[in-house]
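# Fold and contact review
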Amino acid sequence: MHKRLAIAFGRIEDKFNKAELAVLKGTKEHANNRLAFLKNNLSKYGYNRSVLDESAIFHLFDGFKYIIPQGSVMSQAGTNMIGSLSNCFVVESPHDSYGGVLHTDQHLAQIYKRRGGVGVDISTLRPSGSPTSNVAKTSTGAASFMERFSNTTREVAQGGRRGALMISMDINHPDIEEFIDMKRDLDKVTGANVSVRVTDKFMEAVEEDKLYPLHWPSNLLNGVNYDDLMTHPYRDELIEYENGYVKIVRAKDIWEQLIAAAHGSGEPGILFWDKVINFGTDGVYPESRPISTNPCGEIPIPANDSCRLIAINLFSFVEEPYSHHYATFDFDKFYEYTYEGLRLNDDLVELELEAVQKIITKIKNDKEPENVKETELALWEKIKEVGGNARRTGLGFTGLGDAAAAMGYDYGDDSFFIFLEKLMKTKLRAELDCSIDMAITRGPFKSFDFENEFTLINGKYYGLNNFYQLLADEFPEQVQRMAEHGRRNISISTVAPTGSLSMLAQVTSG
């Protein structure tokens, strides 16, 4: 398997290396100018590194020691299978109609059969009891469709691997109480994880024990003074308001219901959504703003986007493990292998785009009538477009618990956190250096716009959300290079659970 993977990734590396060599062709002066440019603009390691050929890539993969691609990559990269190399997708929220629900249901099925897991947010569907223009007269509500999506997940086989689904709903939705309690019935929604997108405004109402307006559609109360609704006599009932629906509740009651359900059945999960947006790389790009997460919950992404995952085995960077007086963590080696890991992750974007094109070609050649396959075809064409534009990568890690133990740290004590802080800073520095270097040699992601991420005030860069401010504070050198050259990938780091691959590597999981 590792030989097969090395051949596949090596082919992509060779393609980009040949493209760079082609740039150097021409007059000696031209070549010298290009080399001088690279020396002055690439990171120090990026300029001096060796070529990542098939043999070097095999060394990184061999024995699961250093770099471990996730399951979809290990099972399919370099094979003739027609499937996706992405573990995680998010699909468009369903349009508020029965046709919209069925359209989303087909999207789930089409991705499952290509080995992907899916996240979907159902906050777009109208609340229970609101009128419809069909013979039912009123809607059964957004939460009522969870069972349909769950059943589709269980129905579509993936070669012995079951499907994976995340259903999310905004805390402001009038059906949120039904959503919260849905999985307390152990016979329902057995094929999905569920999570609630919780806002800062709702949490403030909980802390202050205030009444709170649940509302649909989600933008109903934007810029509206709704104080008059708080004295409405029909509390806890759905009321029509400004071409939408509102239900007045006690915020703390909803919160306590949420906590009781999570404690009783392990679900729903809680997504602090304002934090997700403000501490993410992509919330500043309107077309890439996340709407839900993948089934495991580690990556919020926009509709039709997906993530290609790779993990670094942290345990392998401990020298003299378990000899507490001599055990050390090789941070220099870790930086270099993280740099190469992100480069491989960008190669994986190329491999995934090829895989998606194979899916598209297969669909076009199918004997199905055009009107039958048009939804499937449009879905994968959109996935290819979004994936190519954003070039999202997901470089995570595994073996953190083992690395801590091998270093003599108690997992979670102060000295462990000092170690972890240095480890994560090293990881992010290497990832940023690599993504910026690849922007120089391969080009930035299509929608990169430095002014979306930073602003310059009196000669100093300030981030336009919390994450970019962290970069401005902690990595000013990389921010300056991004201002000049851009970044290859909209998102670079994703710490996935790494359950199966950690068992293969025989280390503690992510």
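Up top is the structure.
A brief structural summary. No experiment lies behind these values; they were computed from the predicted model shown.

### Concerning the packing of helix 1 (residues 2-24) against helix 2 (residues 28-41)
Where helix 1 contacts helix 2, the axes come no closer than 8 Å and their chain directions differ by 125 degrees. Considered as vectors, helix 1 and helix 2 are oriented oblique to each other. The residues of helix 2 that touch helix 1, namely those facing Glu 20, Val 23 and Leu 24, are His 30, Ala 31, Arg 34, Leu 35 and Leu 38. Of the residues contributing to the contact of helix 1 with helix 2, the split by class is 5 nonpolar, 1 polar and 2 charged.

### Notes on the packing of aromatic side chains
Scanning all chains against the criterion turns up 27 aromatic pairs. With a centroid separation of 5.9 Å and 90 degrees between ring planes, the pair formed by Tyr 45 and Tyr 335 is classed as edge-to-face. Of this pair, Tyr 45 sits in helix 3 (residues 44-48) while Tyr 335 is found in helix 12 (residues 331-365), placing the two residues 290 residues apart along the sequence. Relative accessible area serves as the criterion here: at 8%, Tyr 335 is assigned to the buried category. Taking 4.9 Å as the distance between ring centres and 25 degrees as the angle between the ring planes, the aromatic pair formed by Phe 450 and Phe 454 counts as stacked. Judged by relative accessible area, Phe 450 falls into the buried class, the value being 13%. Residue Phe 454 is classed as buried on the basis of its relative accessible area of 3%. Pairwise contacts between aromatic rings join Tyr 66, Phe 317, Phe 329, Phe 331, Phe 334, Tyr 337, Tyr 409 and Phe 419 into one cluster. Looking at Lys 15, its charged tip hangs above the ring of Phe 16, at a distance of 5.1 Å from the centre. Lying across the ring of Phe 331, Lys 422 places its NZ or CZ 4.3 Å from the centre.

### A look at the nonpolar core
Core analysis: the largest hydrophobic core is formed by 73 residues, its most contacted members being Phe 9, Phe 329, Leu 344, Phe 454, Leu 471 and Met 482. Setting aside residues up to four positions removed in sequence, Phe 9 forms contacts with Ile 57, Phe 61, Val 73, Leu 344, Asp 347, Leu 348 and Leu 351. In this structure, Leu 125, Ala 192, Val 194 and Leu 377 belong to the second largest nonpolar core, which totals 49 residues.

### Some thoughts on helix 18 (residues 476-485)
Within helix 18, burial applies to Gln 478, Val 479, Arg 481, Met 482 and His 485. Considered in projection along helix 18, the buried side chains sweep an arc of 165 degrees and stay on one side of the axis. Count one or two residues on from helix 18 and you reach Gly 486, which has phi positive near 85 degrees.

So, how was this worked out
- Residues numbered from 1 in each chain as written.
- Predicted model: local features only at pLDDT ≥ 70, side-chain atom pairs only at ≥ 80, totals over all residues.
- Heavy atoms only, no water.
- Axes fitted to C-alpha atoms, helices over the stretch in contact; angles between N-to-C directions.
- Helix = DSSP H or I, 4+ residues; strand = E, 2+ residues; numbered from the N terminus.
- Parallel < 35°, antiparallel > 145°, perpendicular 65-115°, else oblique.
- Contact = heavy atoms within 4.5 Å.
- Nonpolar A, V, L, I, M, F, W, Y, C, P; charged D, E, K, R; others polar.
- Phe/Tyr/Trp six-rings, centres within 6.5 Å; stacked < 30°, edge-to-face > 60°.
- Buried < 20%, exposed > 50% of the residue type's maximum accessible area, 1.4 Å probe, protein only.
- Lys NZ or Arg CZ within 6 Å of the ring centre and 35° of its normal.
- Core = buried A, V, L, I, M, F, W, Y, C linked by side-chain atoms within 4.5 Å.
- Arc of directions from axis to C-beta.

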